[in-house]
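So you can see what is in the structure, the chains are spelled out below.
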Amino acid sequence: MAADSRILGSSHLDGVTLTATSEAGTYVADNLTNVQPGKIWRSTTDAAQTITGDFGEEKRCTAFCLYAHNLSNDGSATVQVTISNDSGHTDIVYDTTVEATDPLYGWGEGPYGMEGYGGYSSEGWAQPFTVIWFGSTYVARYFRCIITDTSNSDNYIQAGRIKVGQHIDVPVVAGYGMGWTEQTELTRTRGGALRSDSRDPFRYANATSAVLDKIEEGDLLEIFRSVGKRGDVLWSAFPDDATAQTRRNTILGRLTDYGSADISKVGSTITFSIEEGL
């Protein structure tokens with residue numbers, strides 16, 4: 001049985017000059033287009049922040065991602081995304097506002113769902129993120145994102161990566177792999193003690209597509225060509241699941257390995273691997 005995953009390759013904002021309400025020192029808005037989420041944009045206060053960009057021409061948009069942010073996970077922070085035909089955003093093509101951090105646990109699930117109230121948690125993912133799937137294709141030139149988190153405990157707002165573009169659906173076979181890679185190395189001393197050089201773990205995903213038709217095959221191979229190992233991709237194995245599965249199986253990272261299409265009479269299959277950026 002195959003499930004439709006989604007992958008967002010190139011971002012329309014890459015190479016675009018971004019403007020933000022405020023920038024703290026070298027933590028400028030253009031850092032959001034850097035493929036290393038650790039190179040961040042940061043505001044000077046926790047007041048609502050507006051980030052804008054001009055694609056340069058009309059572009060097809062179906063997905064948005066704000067990755068490695070510090071937004072409150074109690075349901076109070078929101079992210080509003082708007083794409084429009086004009087820079088003043090009076091001729092709006094698409095507009096939506098979502099909670100910045102989705103509930104990881106639903107009603108009565110897990111330790112943060114005690115007494116059936118549900119809750120929020122950072123368990124299972126290293127980098128907090130907000131993903132929006134638009135539901136349809138919208139064509140426009142101008143982008144705006146308004147981030148509201150006036151009770152942020154850091155007293156500022158920051159994020160490491162922003163992407164908006166057109167995703168593709170990729171049916172994958174059951175049994176794909178996702179887990180954590182441990183970078184820490186252990187060394188046993190002459191006295192017998194175990195010592196470690198502690199390093200952060202990172203997530204990885206290995207997947208094989210179900211049988212693809214020629215259009216699906218071409219779309220996925222185009223992402224390999226245009227992004228390759230040079231850029232980053234957003235991949236979600238269960239984008240419509242609306243449970244903990246969605247968050248735990250969404251990853252922003254680099255394609256570390258990908259194959260050519262294995263073509264047969266009924267279609268083709270393609271394998272790929274992604275490692276999360278830190």
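Further up the page is the structure itself.
An account of the accompanying structure is given in this report. (Residues numbered from 1 in each chain as written. Predicted model: local features only at pLDDT ≥ 70, side-chain atom pairs only at ≥ 80, totals over all residues. Heavy atoms only, no water.)

**Some points on the packing of aromatic side chains**
In step 1: Inspection of the entire model under this criterion finds nine aromatic pairs.
In step 2: Ring geometry for Y94 against F134: centres 4.2 Å apart, planes inclined by 25 degrees, an arrangement best described as stacked. With a gap of 40 residues between them, Y94 in strand β6 (residues 92–99) and F134 in strand β7 (residues 129–148) connect regions that are remote in the sequence. As far as burial versus exposure is concerned, Y94 and F134 are alike and both buried.
In step 3: Among the aromatic residues, those joined into a ring-pair cluster are Y176, W235, F238 and F272.
In step 4: Seen from the ring of W133, R6 lies directly overhead, with NZ or CZ sitting 5.2 Å from the centre.
In step 5: One residue, R42, lies across the ring of Y27, its end atom 4.6 Å from the ring centre. (Phe/Tyr/Trp six-rings, centres within 6.5 Å; stacked < 30°, edge-to-face > 60°. Helix = DSSP H or I, 4+ residues; strand = E, 2+ residues; numbered from the N terminus. Buried < 20%, exposed > 50% of the residue type's maximum accessible area, 1.4 Å probe, protein only. Lys NZ or Arg CZ within 6 Å of the ring centre and 35° of its normal.)

**Re the pairing of strand β16 (residues 250–258)**
In step 1: In this structure, strand β15 (residues 233–236) lies alongside β16, joined through four bridges in antiparallel fashion. Opposite V233, over in β16, you have G253 as the bridge partner.
In step 2: Relative to strand β19 (residues 271–276), β16 runs antiparallel, the two being bridged by five bridges. Following the sheet pairing, L255 is matched in β19 by I274. (Pairing = 2+ DSSP bridges.)

Such coordinate-based values are descriptive only and should not be taken to indicate function.
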